[in-house]
Amino acid sequence: MEIIDKIIFPPRHDHILVSDAIIIAITVIYFIYLSFLTGATLFSAGFIYRGRTEENPFYTRFGKDLIRMAYSVKGAILLGLLPPLALALAYAQIFYGSGLEVARFFQPMLIFTLIGAGLSLFYCKLLEKTHYLIFQILVAVAAVFFLFLAAYGLISVNILSFFPEKWMVIKGSIPHIFDATQFVRLLHFMVFTLTVTGVSVLFFTFNLSGGNVDADEQYRDYALKFGAGLALAGTLLQPLFILWTYKAFPTIAESLQGYYVAAGLMAVLYVLSVVLYLVLANKNPRLGSLAYVLMVLATLVLVVDDTIARRTGVKEQYLYLQDEAAKFEEKLALEREELKSAGGEISVARGEQIYNARCTSCHQFDKRVVGPPHVEVLPKYVGKPDELVKFILNPVKVNPDYPPMPNLGLSQQDAEAVAKYLLDRYQKYQAQQGKQ
Ligand code: HEC
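Procedures and definitions
- Residues numbered from 1 in each chain as written.
- Predicted model: local features only at pLDDT ≥ 70, side-chain atom pairs only at ≥ 80, totals over all residues.
- Heavy atoms only, no water.
- Helix = DSSP H or I, 4+ residues; strand = E, 2+ residues; numbered from the N terminus.
- Buried < 20%, exposed > 50% of the residue type's maximum accessible area, 1.4 Å probe, protein only.
- Areas by Shrake-Rupley, 256 points an atom, 1.4 Å probe, with all protein chains shown as cover.
- 1 Å grid on protein atoms, 1.4 Å probe; cavity = no way out; pocket = protein on both sides within 12 Å on 5 of 7 lines; lining within 4 Å.
- Points joined across faces, edges and corners; volume = space filled by probe spheres on them.
- Nonpolar A, V, L, I, M, F, W, Y, C, P; charged D, E, K, R; others polar.
- Domains from an automatic or database assignment.
- Near = heavy atom within 4 Å.
- Polar contact = N/O pair within 3.5 Å; in protein donor to acceptor, adjacent residues only side chain to side chain.
- Donors = N, O, S within 2.8 Å, 3.2 Å for Na, K, Ca; no water.
- Tetrahedral: all angles 85-135°; square planar, octahedral: opposite > 155°, others 65-115°.
- Contact = heavy atoms within 4.5 Å.
- Axes fitted to C-alpha atoms, helices over the stretch in contact; angles between N-to-C directions.
- Parallel < 35°, antiparallel > 145°, perpendicular 65-115°, else oblique.
- Left-handed = near helix turned anticlockwise from the far one by under 90°.
- Phe/Tyr/Trp six-rings, centres within 6.5 Å; stacked < 30°, edge-to-face > 60°.
- Salt bridge = Lys/Arg side-chain N within 4 Å of Asp/Glu carboxyl O.

Engineer: Would you take a moment to explain the overall build of the protein for this structure?
Structural biologist: Each helix and strand in the protein was counted, giving 15 helices and zero strands. Buried positions account for 49% of the 436 residues belonging to the protein. Summed over its atoms, the accessible surface of the protein is roughly 22200 Å², and 64% of this surface lies on carbon and sulfur atoms.

Engineer: Any chance you could explain empty space enclosed by the protein here in plain terms?
Structural biologist: Empty space left among the atoms is revealed by rolling a probe the size of a water molecule over them. Under the definition given, this model contains one cavity of 30 Å³ or more. Considering only enclosed or pocket space, the largest cavity measures out at about 220 Å³ in volume. Ranked by residue count, the leading element in the lining of the largest cavity is helix α11 (residues 288-313), at six residues. Of the residues assigned to the lining of the largest cavity, the class counts are eleven nonpolar, five polar and three charged. Looking at the lining of the largest cavity, you find at least three residues from each of domain 1 (1-174) and domain 2 (179-313).

Engineer: Would you mind going over the site of the ligand with me for this structure?
Structural biologist: Neighbouring the ligand are 27 residues, the closest being C359, C362, H363, Y381 and M405. In this structure, K380 approaches the ligand through a side-chain N or O atom, which is 3.0 Å from an oxygen atom. Contributions of two or more residues to the shell around the ligand are made by α14 (385-393) and α15 (412-435). When residues of the shell around the ligand are assigned to their parent elements, the largest contribution, three residues, is made by α14. By residue class, the composition of the shell around the ligand is 20 nonpolar, four polar and three charged.

Engineer: Just to check I follow, could you spell out the coordination of the iron atom of the ligand for this structure?
Structural biologist: In ideal tetrahedral geometry, four donors around a metal make angles of 109.5 degrees, whereas ideal octahedral geometry with six donors gives angles of 90 or 180 degrees. Here the iron atom of the ligand is held by H363 (NE2) and M405 (SD), and the distances to it run 1.9 to 2.2 Å. Around the iron atom of the ligand, the six donor atoms are arranged such that angles at the metal cover 87 to 180 degrees; this shape is classified as octahedral. Of this pair, H363 sits in the loop between α12 (315-358) and α13 (374-377) while M405 sits in the loop between α14 and α15; the two residues are 42 residues apart in sequence, bridging distant segments of the chain. Since its relative accessible area comes to 12%, H363 is described here as buried. With relative accessibility at 26%, the residue M405 sits in the partly exposed group.

Engineer: Any chance you could explain the side chain of T60 here in plain terms?
Structural biologist: Among the secondary structure elements, T60 is positioned in helix α3 (residues 57-70). Given a relative accessible area of 18%, T60 falls into the buried group. Ignoring anything within four residues of it in the chain, the contact list for T60 reads F47, I48, G51 and R52.

Engineer: Help me understand the packing of α3 against helix α8 (residues 217-248), please; the structure alone is not making it clear to me.
Structural biologist: In a pair of packed helices, the angle between the axes and the distance between the axes together describe the arrangement. Two elements in contact, α3 and α8, have axes whose closest approach is 12 Å; the angle formed by their N-to-C orientations is 60 degrees. Taken together, the axes of α3 and α8 lie oblique to each other. In the crossing of α3 with α8, the sense of the turn from one axis to the other is right-handed. On α8, the residues touching F58, Y59, R61, F62, D65 and L66 of α3 are Q218, Y219, Y222, A223 and F226.

Engineer: Even after reading the chapter, I still don't get the packing of aromatic side chains, so can you show me in this structure?
Structural biologist: Pairs of aromatic rings are described using the distance from one ring centre to the other and the angle between the two planes. The tally for this structure, following the rule as stated, stands at 25 aromatic pairs. On the numbers, 5.5 Å between centres and 90 degrees between planes, the contact of F62 with F226 is edge-to-face. Linking F62 in helix α3 with F226 in helix α8, this pair joins segments that are 164 residues apart in sequence. Both residues of the pair, F62 and F226, count as buried. Both rings, one in Y355 and one in Y421, keep their centres 5.5 Å apart while their planes meet at 50 degrees; by these two values the pair is tilted. On the criterion of sequence distance, the pair formed by Y355 in helix α12 and Y421 in helix α15 is long-range, its members being 66 residues apart. With relative accessibility at 2%, the residue Y355 sits in the buried group. On the basis of relative accessibility, which here comes to 7%, the residue Y421 falls in the buried class.

Engineer: Just checking my understanding: could you explain the pattern of salt bridges for this structure?
Structural biologist: Working definition: two side chains of opposite charge can pair if their charged atoms are close together. For the structure on display, the rule yields eight salt bridges. The shortest N-O distance in the salt bridge between D414 and R350 comes to 3.4 Å. Separated by 64 residues along the polypeptide, D414 in helix α15 and R350 in helix α12 bring together distant segments of the chain. You can call D414 buried: its relative accessible area is 18%. When salt bridges that share partners are traced, they join R61, D65, R68 and E128 into one network.

Engineer: Sorry, what's going on with unusual backbone geometry here?
Structural biologist: Across residues other than glycine, the phi torsion is negative in most instances, and most of the peptide bonds are trans. Positioned with a positive phi, E55 is a non-glycine residue whose angle comes to about 50 degrees. Taking relative accessible area as the criterion, E55 reaches 70% and is therefore assigned exposed.

Engineer: Sorry, what's going on with the environment of I26 here?
Structural biologist: Here I26 lies in helix α2 (residues 13-53). The class of I26 is buried, set by a relative accessible area of 17%. The sequence separation of I26 and A86 amounts to 60 residues, and the corresponding C-alpha distance is 7.5 Å. Setting aside chain neighbours within four positions, we find I26 in contact with P83, A86 and L87.

Below is the structure:
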């Protein structure tokens, strides 16, 4: 993906806004996707293991349903492929000229996502086909490992802007910043996985087009407790991470926008906790849809928060981008000018064609034919191509020794080309005379 860094041009202000918006939208989808797949695979493997060792078919069934839930939306696996590509483009714009080839970080992310999602799907199929527990668990663990790597990459790129001073020393395909932030963010991802998985269990068991219809009373009861409990645990833990970020990065807390967004995030998490609590306490799974919406909203606010952090954290980069965009516009304008004059070359050639076709019956350059030799009449037009064009388009009587020149009905463009050609050739003729 190094190619992306090469084709990118300095973004203008409106491009940056679009890039930021793309980053926000895609990161939300990608984050939920990764957490969901990671959580579903991990917990499914846990239940399968428990079901087999305790010889309790209930857990085995629950484990199977958990991973099937991930693949119940047809083609959902493809959802994981687009984000790294789209993010690579958007980030490359924002980090333009920073010396950081940011697009290269998305290549391993794409590969890890592919392998992780592929293994997780393989695990899902294995549950139907073989009974080798160890093999099943190993595949699931491998899937989780790769999905985790992808998440690690995403988190690392996400916090790049917190550390502009490290940009120059970052090597490799995953930005290892080696800072507590990276570690804390990874923990946050794990906790977030609990929320996403729990909420998804509620959503898929009870809400999605009637939910899991085969579920009996005991099963529903268990799914409700497990889903809401898991999600509630994850949600209650999240504020810790938000507070940590604010303590570690006073610059983020400094911006008023960032402050409001963080307060908003806390509010959303609070409402989500209350909803999950109500699901648990009243055994009312219908609120699961609301929990799902709130979970997506929380993710959105979280990512917006990061975007604001980026904007305050790397003000210089954004200012630099503004500068570069202005320079780039200038360069474009220059190139356009050059193209125009290069078009001039073409029009001389075209002028020669027209001259040979339309004028040579009456004119030669240095001999009198029907009309006067050009060398005699052109001196007065040197430096005044417009006047020559005017004459060609509309010949007027000039010299009593000659008959009038007829109007040849050339177009404005053709007349300009011929005039250019004539003056050009006259200049060369003069230069040659000067040498002799
Ligand atoms: C049918 C013959 C004829 C053709 C074809 C013709 N010319 Fe002429 N041209 C003349 C004559 C005759 C004059 C002299 C007119 C005068 O002095 O009033 C003249 C004069 C000129 C002059 C001198 C004007 C001046 O201010 O003294 C220019 C320049 C010229 N022609 C260019 C062209 C070009 C360019 C073409 C082709 C697109 C062209 N002519 C085609 C007959 C022709």
